[in-house]
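What follows is each chain in one-letter form.
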Amino acid sequence: QVQVVESGGGLVQAGGSLRLSCAASGNIFSINVMGWYRQAPGKQRELVAAITSGGITNYADSVKGRFTISRNNAKNAVYLQMNSLKPEDTAVYYCNAEYYVDSYSLDNVWGQGTQVTVSS
């Protein structure tokens, strides 16, 4: 069984910073892509940022220049440094890991989510 566990959410004032962490564990052959998604009330879940095992990153336009995703492959961990936070960043943030069960079978797993609230 594979699981990911997030931490680091909380309440912060606009302009502040938070750092989210996520670690994957379980029967993992290797991890391909790790990413952060968010879902605000009444809205669909959206990609915030993702990073491949080789370090290639992808960001939503709304967070470019403010958020930085990084990864520690040895720890099966991914991080999201969020700076210059805005009230519109308020959402539940979910970690996702796309991993290989063996040398050719891909699967993915979601974390339980961590709340980020930015006050104006």
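This section reports on the structure supplied with the text. (Residues numbered from 1 in each chain as written. Predicted model: local features only at pLDDT ≥ 70, side-chain atom pairs only at ≥ 80, totals over all residues. Heavy atoms only, no water.)

With respect to the state of the cysteines
Phase 1: With the rule as written, the count across this model stands at one disulfide.
Phase 2: Put simply, C22 and C95 are joined by a disulfide, and their sulfur atoms are 2.0 Å apart. Given an S-S torsion of about -75°, the disulfide between C22 and C95 has left-handed geometry. Residue C22 is located in strand β3 (residues 18–25), and its partner C95 is located in strand β9 (residues 91–100); the two are separated by 73 residues in the primary sequence. Side by side, C22 and C95 carry an identical accessibility label, which is buried. (Disulfide = S-S within 2.5 Å. Helix = DSSP H or I, 4+ residues; strand = E, 2+ residues; numbered from the N terminus. Buried < 20%, exposed > 50% of the residue type's maximum accessible area, 1.4 Å probe, protein only.)

Digging into the packing of aromatic side chains
Phase 1: Counted according to the given criterion, the structure contains one aromatic pair.
Phase 2: Ring geometry for Y37 and W110: centres 4.9 Å apart, planes at 65°, overall edge-to-face. With Y37 in strand β4 (residues 30–39) and W110 in strand β10 (residues 106–110), this pair connects stretches of sequence that are 73 residues apart.
Phase 3: What makes Y37 partly exposed here is its relative accessible area of 24%.
Phase 4: R45 extends its terminal NZ or CZ atom over the ring of Y94, reaching a point 3.7 Å from the ring centre.
Phase 5: The residue whose ring lies beneath R45 is W110, and the NZ or CZ to ring-centre distance is 4.6 Å. (Phe/Tyr/Trp six-rings, centres within 6.5 Å; stacked < 30°, edge-to-face > 60°. Lys NZ or Arg CZ within 6 Å of the ring centre and 35° of its normal.)

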